[in-house]
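Structural description and commentary
As a plain string of letters, each chain reads:
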Amino acid sequence: MPRFKMWRVAVCVVLLLGSVNSLYAPGQAHAAKGSAAEVKTVKKQDTNTKASDHVKKVEYARSTVERLNVRTEPNLKAAVIQMIGKQNIYQVLDKQGKWIKIKLAKSNGWVHSDYIEYVQDGNKGTVKNDTKATQGETKVVKNDTKATQGETKVVKQEQDKFQSSQEEKPQSVEQNKPDQAANGESDAGDQGASVVKIVDVTNLRVGPGMDFEIVGKAQPGESYTIVESDGDWYKVALQDGGMAYIAGWVVQIDSANGAQDPAGQSNAEVNYENQVFIYSSHNRESWRSVARNVKGSSVDDRDMNIAMVGRYLGDVLQEKGVPTFVNNIDIARRLEEQRLSYSKSYEESRRAINTALKTNPSLTYFLDIHRDSDVPKQTTTASINGESYARILFVIGTNHNNYAKNKQFADALNELLKKNYPGLSRGVLLKTAKQGNGEYNQSVSPGSILIEIGGANNTFQESQRAAEALADVFSQYYHSKE
């Protein structure tokens, strides 16, 4: 009897285990199918991720030096179509080896990548890059860690920044030594080292400004190697191994091989003769829509100002075949550093003109770009083909003997403007010494003129359109004189 019971228990256990296995098998198969589905989903997500990673991102860049050639093709033998400085930002269109193609105002051109830094977007911070594919870029690593929730974590890794010594680019740039630049040789910087040549007794200071302590005096005939520049100031190496700062507007700049370079200017000697010099005596004049200083009668801004219009005018003139030299000296800053009044603006800009003439004696036309004061917008605005333009006023000072020739030049531009852009010109205004400066640096040349583009109540965009129109008529005038 006990044996019979044990046999029945054994049979029951076997039957029970068989039922459990039969129940478990379908579940296991279902789980396997689920895993396969998950793998398929992950692969699909990964495929989508890779596809999205291939979407081309718009890149922007700007020059790291004040004087950089833009060429028609990505090689040193190609023609120079214009020169750019540090101020403007350009869209990157293409890359080829060590060259980058950028979008200009009216065309495209190639610049050498050694003197370019990338900008995160059209107007914000920069990411310095030596243009190698693996540097200056952001790696995006996507990892699906929560498949059940359908979430994807994106981890951004920035490349290590260059050491400061690697980020420093030589002050001698591609356009100054076209046969040596971009050759990848280690001694390129030594070949283009620059020095300040002292022309009068000059203060040596501990920092870049008039408020810094004077640590010595530089004597006429002495030369100092430039370590770096800071605005209008140069940091130089002293003979005892120390460092000091010298104001750029009171010295002459020479390269190590003796080629001169104008102190504080945006363009160095080029392979053609410059004819037009653009500057702004009141360079911080701005517009009410963007100005940060609107106290009293002032409508000024350190960054968004009329000097931007001057630079744009220079770019367009270059594209139209007019060799143009744009000065980027911050006249307002110089006045502050020397504790000079606003009325001394024209004296400071005259010094910039004189410096430019020493290295560019062929300069013939001098355009001082301003905007008018706080006058009603309807007075300073015109509508042309459905677009709003800042109107243009030519100002001639009569406080010198040859002002009639300056007026003749202004009249010619005025007539061309009226013919090609009806309603854009506000005419030619004569001013005596009782109405202002009265001379406005116009005695330097019959081709010297003060041009007011719009007023404080216009916008930068309206002024930019006016600059394009002005460049159009000026190029017509210029080429008619060739």
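Worth saying up front: this structure is predicted, and the values here are computed from it rather than measured. (Residues numbered from 1 in each chain as written. Predicted model: local features only at pLDDT ≥ 70, side-chain atom pairs only at ≥ 80, totals over all residues. Heavy atoms only, no water.)

**Considerations on the nonpolar core**
Counting 41 residues, the largest nonpolar core has Leu313, Leu367, Ile392, Phe394, Ile451, Ile453 and Phe474 as its most contacted members. Taken together, the elements giving at least two residues each to this core come down to β19 (276-279), α4 (306-319), β21 (365-370), β23 (387-390), β24 (392-397), α7 (403-420), β26 (447-453) and α8 (460-480). When near neighbours in sequence (up to four residues on either side) are disregarded, Phe474 contacts Val276, Leu317, Val322, Tyr365, Leu367, Phe409 and Leu413. Ala61, Ile84, Tyr90 and Val92 belong to the second largest nonpolar core, which has 14 residues in total. (Core = buried A, V, L, I, M, F, W, Y, C linked by side-chain atoms within 4.5 Å. Buried < 20%, exposed > 50% of the residue type's maximum accessible area, 1.4 Å probe, protein only. Helix = DSSP H or I, 4+ residues; strand = E, 2+ residues; numbered from the N terminus. Contact = heavy atoms within 4.5 Å.)

**Considering the pattern of salt bridges**
Inspection of the entire model under this criterion finds 17 salt bridges. Between Glu415 and Lys418 there is a salt bridge; the shortest N-O distance is 3.2 Å. Of this pair, Glu415 and Lys418 both sit in helix α7, three residues apart, roughly one helical turn. Looking at Glu415, the relative accessible area reads 46%, which means it is partly exposed. (Salt bridge = Lys/Arg side-chain N within 4 Å of Asp/Glu carboxyl O.)

**Focus: the packing of aromatic side chains**
What the rule picks out here adds up to 12 aromatic pairs. The rings of Tyr365, Phe409, Phe474, Tyr477 and Tyr478 are connected pair by pair, giving a single aromatic cluster. (Phe/Tyr/Trp six-rings, centres within 6.5 Å; stacked < 30°, edge-to-face > 60°.)

**Quick look at a nonpolar patch on the surface**
Together, Val206, Phe212 and Val215 line one region of the surface with nonpolar side chains, adding up to about 250 Å² of accessible area. Residue position: Val206 is located in the loop between β12 (202-205) and β13 (214-218). Given a relative accessible area of 44%, Val206 falls into the partly exposed group. (Patch = residues over 30% accessible without salt bridge, like charges linked within 9 Å, V, L, I, M, F, W, Y side chains within 5 Å. Areas by Shrake-Rupley, 256 points an atom, 1.4 Å probe, with all protein chains shown as cover.)

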